[in-house]
Each structure stands twice: as C-alpha cells, then as structure tokens.
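Results of the structural survey
Letter by letter, the chains look like this.
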Amino acid sequence: MRIGVPKETAPGEKRVATVPDVVGKLIKLGFSVAVESGAGDAANFADETYVAAGASVLPRAADIWGGSDIVFKVRPPSLDEVAMLREGATLIGFVWPAQNPELMAALQAKKATVLAIDCLPRQLSRAQKMDALTSMAGVSGYRAVVEAANAFGRFFNGQITAAGKIPPAKVFIAGAGVAGLAAIGTAANLGAIVRANDTRAEVADQVTSLGGEFVKVDYEEEGSGGGGYAKVMSEGFQAAQRAMYAQQAKECDIIVTTALIPGKPAPRLITAEMVQSMKPGSVIVDMAAEQGGNCELTVPGEAVVRHGVTIVGYTDLASRLAKQSSTLYSTNLLRLAEELCKTKDGVIDVDFGDDAIRGLTVIKAGELTWPAPPPKLPAAAPKPKTAAVAAPAAKGHGHGAGEPMSAKSLAIVFGVGALLFWGVGATAPASFLSHFTVFVLACFVGYMVVWNVTPSLHTPLMSVTNAISSIIAIGALVQVAPPLDAAGAVDRPNGLILGLAVFALVLTAINMFGGFAVTRRMLAMFRK
C-alpha cells in the first residue's frame, strides 16, 4: 500500500504529517511513501531529504489524494480535498467528527475508512504512544509561555541589579492538563512565580512537582471527567471558581488558560471585568481560542489589546514550532501504522477487536462507526481486607503486639542485661573490656543516630556511612601486616584471623566504592 502525504492547505499551517526520519521506518513496514512537493518546506524538511529517505516526491496534490491507499493528514481535509480522495481509501489524521458533520458525510460518500487521531481512547495506557493530542498539547503549552514572554514587558525571573530590584513575574495557569503542565514547567524554568488551578484535585501533586503552587477553589466537588478531561462543574463550584479567578487576575501578570471540554464550547473563565482589573502590560494567552476561548475578549487567531492587557488568541501554537510538532506527530502516526500493520507486509488491518483502533475509527468502508463504545478497562484491583479484630494479647507476663512494654517487663530486661554485663566484667581480661565498652557504646550511638533520621534519608545516610567505613580497612590491614614486637620479630596472626582480615578488606572495599557511587548518583538527581 502507498501512504500519501499532501501539503497542508489550512491558512498558516506549517506542519507536515510525516518527516524524513519516519519515512524509512514506514518503508520497513512494507509501505511505499509519496509526498507532495513542498509539503515539508514550512517545517524545514526539503523535498531532497524525503527522496534521500526513500520517498517519492510528486508535484500535484491530486496525485497524492487520488493515487494513495492511505493518506496521512494533520488538519481535517477540505471538501475539495475529499473530492480528490480515491474511493475506498483510508484517511488518518485530525478529523473532529462532532464539529465537522459535512466533512463526515463527504467521506462516507467516498466509502472511505477514516481513523480520527483525535478520537483515540486516551485512558488506555497502551494507546499513549499514538496520542497525538498529548504531543501537540505539550508543544502548545510550551509555546504559549514563549508567546506570553514575547508580549510581556519584563523579565520572568526576579533580579537585583545596580539599577534596582526587578520582581519576578507572577503567572497563573488555568487548567493543569498536558498543555497546562507544559506551561507550568516552562514558566517555572524561566524563573516566574507560578500558580495553577484545575477542577481535578489529583493533579495538585503534579503542579507542585513542576515548581508551581496549586490554588484550590473553596468548594468541594470532584471534577474528573472521562478520557483525562475535566467535566462540567456545578453552578456553585463555578461561582467559587470565578471569585478565585478574579483574585488571581488582580495579582498576576500573566494568565494562560487551557480549559476545554470535549464536544462543548470552551468554558468562559476570564470575564471582561477581570481583564479590566489586571495591571496594564499584563498578558493573557488563551489556548482555547479555537473553540471560542476561555476569555470573554479573546479574538481567535489574533493578539489584541483590551484595557491595556494583551490577549493572545492564536490558534496555531503547535504550528509555530512546526519542526518539533511534525516530528512528534509523525512518530504518533508511525506507532499507529505499526498497530495497523503488525505483519509488516504493507497491508493494514482495521481490527475492531483492538479497543484503541475501534475508538479511532469513525468511518469504516463508508459506514459511520462514530461514536465508538467505551473501551473495556481492566477491573480495579480489590482492596486488601483489613483485620477487623486486633490479635488478642498474650496471657501471662507478655504484652500484646503494638502495646508498650510494661514496667515489670522492662525491669526484668534491664536486670538480665545488667547481670550479663557484670558476668563479662568479672571474667574477661582488662584488654577485652576496653574494646567491649567501645563496641557497646558504638552500637548504642549508631542505633540512636539512624533511628532518629527520617526514613526518606536512610539511603543517603547509609551511603555516606559506607563510604567512611575505611576505619575497618585500617584495622584489617593491621591484622594482615602486624607491627614488630619488642624483640623485633613479626607476630604472625593465625590462619583464621588472617582470613577474617582479608574478608573484612573485601567487604569494606565494596562498601566504600558502593557508598561513593550511590552518593554520586543521588547528588546527580538534583543537578540540571
């Protein structure tokens, strides 16, 4: 089968559906690849690079649409492009079936098989390698902060210079999905004070791990929806959320909004009054502009200034990093091609037994198959049963598990210990007692030092103590090569002592080198 890659015709679209590095991998799967001339120019992929990778470059779009069994696309095709599509061919790309009923009807008339990459069941872990929505959202979140920095009139990070002190910028991210998390990480790396909010409480730890502060709405309601999206919240929650956004608008310099609900217009989060309350020179980047915008004053596709605030409503954020976006997107389509062609013979099999493929397929041979039934998710592991009744306490002088030792038992233990120490002191030679005393004190001090350290620090603590265990090596060396006695003769140790000394040297060497290695690896985790 031939895979055709036409040039994107949507205004301002610079991405291309496959890149030269992926062409060779598609050929290894048994496909031939044809690319329209100039399809990769805007993403800095020249025709010559496609030819070198093994693809054929055709001059006309009609040759791609009419002569290919499979068409890789980024944006949904226009009706004119569908008219050129060969009957019975397969189209793979973004389609957005809910928003494009006319396009769906035209594709059905062509008896096409359509795999909409935007319909991938994202809750399936095995589908993540094909998740182009996540790939593009990550690029868009990064680019949103870059656009905000371009429109903002100050540094992101705070500085103290001879000319005065520069405060850090305050950035608020509305929505902590993939795009929001990418924006949080980028803004934090630039040195800004980052705050974020999301209706899904479980993302709070992710926000914190990226260097942001999670701002919670003063209203208890679960906001997780299906497929990794948020759901529509109640009116009470929305009122509390608006009050929180109004407060953040007054305090922050930059707001990045990312809130989208599948199949619905983007929720309005930032009102005109909130924009008016922001400081002059502030910036709003509305990543939901293509679906109507989260800001009331957003103009899709443009950057406008309202009340002294720059509102960026670009709908092509991923396309503004065309080379990176094209590389990620083409890799997602490659993984999908691998799933469709497991036999590597260049023939695809749209298997509805595969939940991921079933979710992607919106039209099969002209028959509408959208929306797909929800995928079968694995059942949650049962929670372990907790013991209803605690173990009964032992009879007699013992004590139950977890209960503190009684005063009588404690006195008996100390009494037995004192008798043992007295017996050792009464019978052992004086040279042994001095070493024994040091040994007992070392055990006590070592136990107390380790016991009082928080468990999360046990690994670095033990790695350091292993690294400084060279004192053991010194003692072993003394036994292996003992000094001369008073008569000038060498007091050779017996075989047992010599063997123990050599064994101690080996273990100590492992401890020393291993300790330093573990310490170095742990320190490397905190370096950029």
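For the structure itself, look to the data block above.
The text that follows walks through the structure, step by step, so that each part is easy to find. (Residues numbered from 1 in each chain as written. Predicted model: local features only at pLDDT ≥ 70, side-chain atom pairs only at ≥ 80, totals over all residues. Heavy atoms only, no water.)

1. Focus on the overall build of the protein
Keep this limit in mind: What counts as a helix is a DSSP run of H or I of at least four residues, what counts as a strand is a run of E of at least two, and both are numbered from the N terminus. Note on classification: 1.4 Å probe, protein chains only; a residue is buried when its accessible area is under 20% of the maximum for its type, exposed when over 50%, partly exposed between these limits. Residues are treated as being in contact if the distance between any of their heavy atoms lies within 4.5 Å. To measure how exposed things are, a 1.4 Å probe is used in the Shrake-Rupley method; for residues, cover is taken only from the protein chains shown.
Within the protein, the secondary structure is distributed over 17 helices and 17 strands. Residues classed as buried in the protein amount to 39% of the 528 residues present. Here the contacts in the protein between residues at least 6 apart in sequence split such that 62% fall between residues at least 24 apart. Carbon and sulfur atoms make up 62% of the accessible area of the protein, which totals about 28500 Å².

2. Description of the packing of aromatic side chains
Counted only if it meets this: For Phe, Tyr and Trp, where Trp contributes only its six-membered ring, two rings pair if their centres lie within 6.5 Å, and the inter-plane angle classes them as stacked under 30 degrees, edge-to-face over 60, or tilted in between.
Going through the model one piece at a time under the given rule, you end up with 5 aromatic pairs. Centroid distance Phe152 to Phe156: 6.2 Å. Interplanar angle 85 degrees. Geometry classified as edge-to-face. Between Tyr219 and Phe237 the ring centres are 6.1 Å apart and the planes differ by 85 degrees, which places this aromatic pair in the edge-to-face class. One end of the pair, Tyr219, is in the loop between strand S11 (213-214) and helix H9 (235-251); the other, Phe237, is in helix H9, and 18 residues separate them in sequence.

3. A look at the nonpolar core
Selection rule: Here, the term nonpolar core denotes a set of buried Ala, Val, Leu, Ile, Met, Phe, Trp, Tyr and Cys residues that are joined through side-chain atoms within 4.5 Å.
Within the largest apolar cluster, 45 residues are counted, with the highest numbers of intra-cluster contacts made by Leu26, Phe72, Tyr329 and Leu336. By residue number, the principal contributor to this core is helix H11 (residues 322-340), which donates 7 residues. Once residues lying within four places of it in the same chain are set aside, the contact partners of Leu26 are Ile3, Thr18, Phe31, Val33, Phe72, Leu334 and Ala337.

4. Considerations on unusual backbone geometry
Across the junction of Trp370 and Pro371, the peptide omega takes the value 0 degrees, indicating a cis bond. Relative to the assigned elements, Pro371 resides in the loop between strand S17 (367-368) and helix H13 (407-427). The residue His307 is not glycine, and still its phi comes out positive at about 55 degrees. Its place among the elements puts His307 in the loop between strand S14 (303-306) and strand S15 (309-312). For His307, a relative accessible area of 45% translates into the label partly exposed.

5. Remarks on the sheet that holds strand S4 (residues 70-72)
Let me state the cut-off plainly: Paired strands, as defined in this entry, are two strands with at least two bridges between them according to DSSP. Under this scheme, a helix contributes an axis fitted over its contacting stretch, all axes are lines through C-alpha atoms, and angles between N-to-C directions fall in the 0 to 180 degree range.
Read from one edge to the other, the open sheet built from 8 strands follows the order S3-S2-S1-S4-S5-S6-S16-S17, with strand pairing classed as mixed. Two strands bound the open sheet, and with one partner strand each, they are strand S3 (56-58) and S17. On the sheet, helix H5 (residues 101-109) packs against strand S5 (90-93), strand S6 (113-116), strand S16 (361-364) and S17 and is oriented at approximately 35 degrees with respect to S16.

6. Considerations on the sheet that holds strand S12 (residues 254-257)
Read across the open sheet, the 7 strands follow the order S11-S10-S9-S12-S13-S15-S14; overall the sheet is mixed. Looking along the sheet, the strands with just one partner apiece sit at the ends: S11 and S14.

7. Considering a nonpolar patch on the surface
The condition is simple: Only residues whose relative accessible area exceeds 30% and that form no salt bridge are eligible for patches; like-charged ones are grouped when within 9 Å, while nonpolar side chains (Val, Leu, Ile, Met, Phe, Trp, Tyr) are grouped when within 5 Å. Salt-bridge detection follows one rule: a side-chain nitrogen of Lys or Arg within 4 Å of a carboxyl oxygen of Asp or Glu.
Together, Leu498, Val502, Phe503, Val506, Leu507 and Ile510 make up an exposed nonpolar region whose accessible area comes to about 530 Å². With respect to the helices, strands and loops of the structure, Leu507 is situated in helix H17 (residues 495-524). Residue class for Leu507 comes out partly exposed when judged on its relative accessible area of 40%.

8. Observations concerning the pairing of S16
Examined bridge by bridge, S6 and S16 share 2 bridges and lie antiparallel to one another. When the bridges of S16 are listed, Val114 appears paired with Ile363. By the bridge criterion, 2 bridges tie S16 to S17 in an arrangement that is antiparallel. By the bridge assignment, Lys364 is partnered in S17 with Glu367. The hairpin formed by S16 and S17 contains 2 residues between the paired strands, and Ala365 there has a positive phi angle of roughly 55 degrees.

9. Quick notes on the pairing of strand S1 (residues 2-5)
This is how it is decided: The definition of a right-handed crossover adopted here requires that, viewed with the strands pointing away, the path from the first strand over the helix to the second runs clockwise.
Relative to strand S2 (residues 32-36), S1 is paired through 4 bridges, and the arrangement is parallel. By the bridge assignment for S2, Arg2 is matched with Ser32. With helix H1 (residues 20-28) bridging S1 and its parallel neighbour S2, the resulting β-α-β unit is right-handed. Bridge count between S1 and S4: 2 bridges; the pairing is parallel. Bridged to Ile3 within S4 is Ile70.

10. Topic: the environment of Met136
With respect to the helices, strands and loops of the structure, Met136 is situated in helix H6 (residues 132-151). Among the residues examined, Met136 registers a relative accessible area of 7% and is labelled buried. The spatial distance from the C-alpha of Met136 to the C-alpha of Ala318 is 6.0 Å, given a sequence separation of 182 residues. Excluding its chain neighbours within four sequence positions, the residues that come into contact with Met136 are Arg15, Phe94, Ala318, Ser325, Leu328 and Tyr329.

11. Digging into the packing of H6 against H11
Between two packed helices, what matters for the description is the angle formed by their axes and the separation of those axes. To keep it simple, the criterion reads: Each angle is binned into one of four classes, with values under 35 degrees roughly parallel, values over 145 roughly antiparallel, values of 65 to 115 roughly perpendicular, and all other values oblique. Note: crossing handedness is left-handed where the near helix turns anticlockwise from the far helix by less than a right angle, and right-handed where it turns clockwise.
Two elements in contact, H6 and H11, have axes whose closest approach is 9 Å; the angle formed by their N-to-C orientations is 165 degrees. It follows from the interaxial angle that H6 and H11 lie roughly antiparallel. In terms of crossing hand, the pair formed by H6 and H11 is right-handed. On the side of H6, the interface is formed by Ala132, Ser135, Met136 and Val139, while H11 contributes Gln324, Ser325, Leu328, Tyr329 and Asn332.

12. Observations concerning the pattern of salt bridges
In a structure, side chains of opposite charge can pair up when their charged atoms sit close to one another. Going through the model one piece at a time under the given rule, you end up with 21 salt bridges. A salt bridge links Arg15 to Glu13; its shortest N-O distance comes to 2.8 Å. There is no split in this pair, since Arg15 and Glu13 are both buried. Between Lys73 and Glu81 there is a salt bridge whose closest N-O contact spans 3.9 Å. Residue Lys73 shares its accessibility class with Glu81, and that shared class is buried.

13. What about the packing of H6 against helix H7 (residues 178-189)?
Keep this limit in mind: Ten residue types, Ala, Val, Leu, Ile, Met, Phe, Trp, Tyr, Cys and Pro, are classed as nonpolar, four, Asp, Glu, Lys and Arg, as charged, and the remainder, Gly among them, as polar.
Between H6 and H7, the least distance of the axes is 7 Å, while the angle of their chain directions is 35 degrees. Judged by the sense of rotation from one axis to the other, the crossing of H6 with H7 is right-handed. For the pair formed by H6 and H7, the contact residues are Thr134, Ala137, Gly138, Gly141, Tyr142 and Val145 on the first element and Val178, Ala179, Ala182, Ala183, Thr186 and Ala187 on the second. When the residues that make up the contact of H6 with H7 are grouped by side-chain class, the tally is 8 nonpolar, 4 polar and no charged.

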